[in-house]
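Results of the structural survey
Residue-level listing of the chains:
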Amino acid sequence: MNIVFISMDTMRASRLGCYGYQKPTSPYMDQIAEQGVLFERAYAADIPTEVAHTGIFTGKVGLRTGVVSHGSPLTQLPKKESWLPSLLQNQGFTTAAVDNLYQLKEWFARGYRYYINSVQKTRSIDGKSVNELAFKWIREHKEDDFFLFLHYWDPHTPYQPPSSYVPAFYDQGRDPYDPANRSMDAAYNHAAYPFFKHHHYDLLGPITDAAYVNALYDAEVRYLDDRLRELDELLIAEGVYDDTLLILFGDHGESLTEHDIYWDHCGLYETSVQVPMIMRWPGRIPEGRRVKGLVQQVDMLPTILEAAGILTPTNIDGRSLWPSIRGEADGTHDAIYLSECAWQASRGIVTKDYKFIRTLDAGPFVRPPRELFDLRVDPDETVNIAESSPAIADELAYQLDDWTEKMLNGRADPMLKQIEAGLPFRNRIHEILLQYGLTWDEWIQDPRRDRFDEASAARHAGR
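Residues numbered from 1 in each chain as written. Predicted model: local features only at pLDDT ≥ 70, side-chain atom pairs only at ≥ 80, totals over all residues. Heavy atoms only, no water.

1. Some points on the nonpolar core
- Counting 136 residues, the largest nonpolar core has Phe-5, Ile-6, Phe-39, Trp-263 and Met-279 as its most contacted members.
- Formed by 18 residues, the second largest nonpolar core is a distinct cluster that contains Val-61, Ile-349, Trp-403 and Met-407. (Core = buried A, V, L, I, M, F, W, Y, C linked by side-chain atoms within 4.5 Å. Buried < 20%, exposed > 50% of the residue type's maximum accessible area, 1.4 Å probe, protein only.)

What follows is the structure, given as structure tokens:
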């Protein structure tokens, strides 16, 4: 058998047609979903990228491995930890990746016979280039039993899709640079602006219409959809389609202005933690199956090992998805525990009906210490009922604390260590500010775009 394991970085579930979106972002992914199984409530328990993928490849949540942050020098993954590519390689699979996570942390290259770095000089990491690298490898190894990990970065920021993809998602009668449009003001005057100015905004130009930026995200999704269609066409042409287990997943979602988060993936809200998860294996996975119950990313490791006939390690947090795929169960968990520790430090719990979030350090955001949302009537998480429903909030808080204590099992809490050292993205912003004669404490009191731009201009003029 072959396994093609696809990470669609920054892919928000609710932006795909098969998850209910009305715009034409994903016609081919929708077709793949019809050919296999779609998990309606799949969650990234740990965000963002570094911690999400660590959980995916170990089958363990961040509190178990100690990897809870992103871009932090504090985190290390012991070599004794189970690792999906290594487990497959040990059982005879030819393992390969087209990826660049090795540049974040060394452990992402473990277990691969072939690790093809996808970093390039143009257009971030383009899905077209990922395909070119992957297609050559597939043609050379189509006779092997292989595991191929493909990491696509469309639609991660900066959103720069080919211009031909934009008109389907943005009214061509509108002017994205209209000076009368003030919808970008909140983003430009946010405390995170010093980071995103060079990373995103300067690359897009003087946009004034926030809807245009959202349209660019949708266009990126559609661009990736076409690249996945090309991948399937190759699998068919090379005769490996029928014997390939194809898995599509998002490592995390994306907030598109919701919750005061402007085109990024922090916050334990549905926009950032509910991700697509779709599997297809002709003749082995029933077509058109939709699983409504709760599942999470760490469930993919035991599912893949079971499909390959490999014994699953006993000390993992993931549970096989095969009972749900076969219709014998509906999900793997009654509750999923959530964590982030990069832009802000928060933990949460999501159940069938509710979401509870506790924020320990809000970073550049303004957050209440406790948030509770009734997802049945408020799926967009707009009304915090923690104070009006204290009994429910207290019960979920107790559940969260109990789970945290069990996961730590007497070890020091890595989130608290990270807070003490400073959250990585707050530290990055502070480093940027210092270059322009500002401090974090000064900036957070008055985070205005013109203030930072004036400091930036003055520094460059003084050179």
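Still to come is the rest of the account.
2. Comments concerning the environment of Gln-399
- With respect to the secondary-structure elements, Gln-399 resides in helix α12 (residues 390–408).
- In the structure, Gln-399 is positioned 21 residues away from Asp-378 in sequence and 22 Å away in space, judged by C-alpha atoms.
- With residues near it in sequence (within four places) discarded, Gln-399 still touches Ala-335, Tyr-337 and Ile-349. (Helix = DSSP H or I, 4+ residues; strand = E, 2+ residues; numbered from the N terminus. Contact = heavy atoms within 4.5 Å.)

3. What about helix α7 (residues 193–204)?
- If you check α7, its first and last C-alpha atoms are just 14 Å apart, much less than what 12 residues at 1.5 Å a residue would give, namely 16 Å.
- Among the residues of α7, those classed as buried are Tyr-193, Pro-194, Phe-195, Phe-196, Lys-197, His-200, Tyr-201 and Leu-204.
- Buried residues along α7 sit against α6 (185–188), α8 (210–237), β9 (262–264), α14 (424–435), α15 (440–445) and α16 (449–461).
- Phi for Gly-205, located one or two positions after α7, is positive at around 90°. (Expected span 1.5 Å × (residues − 1).)

4. Side note on the pairing of strand β15 (residues 354–361)
- Most of β15 sits out of view: six of its eight residues are buried.
- As paired strands, strand β14 (residues 345–351) and β15 are joined by six bridges and run antiparallel to one another. Paired with Ala-345 across the two strands is Asp-361, which belongs to β15.
- Counted between consecutive antiparallel strands, the loop separating β14 from β15 contains two residues.
- Of the strand pairs in this sheet, β15 and strand β16 (residues 370–374) are connected by five bridges, and their pairing is antiparallel. What sits directly across from Phe-356, in β16, is Leu-372. (Pairing = 2+ DSSP bridges.)

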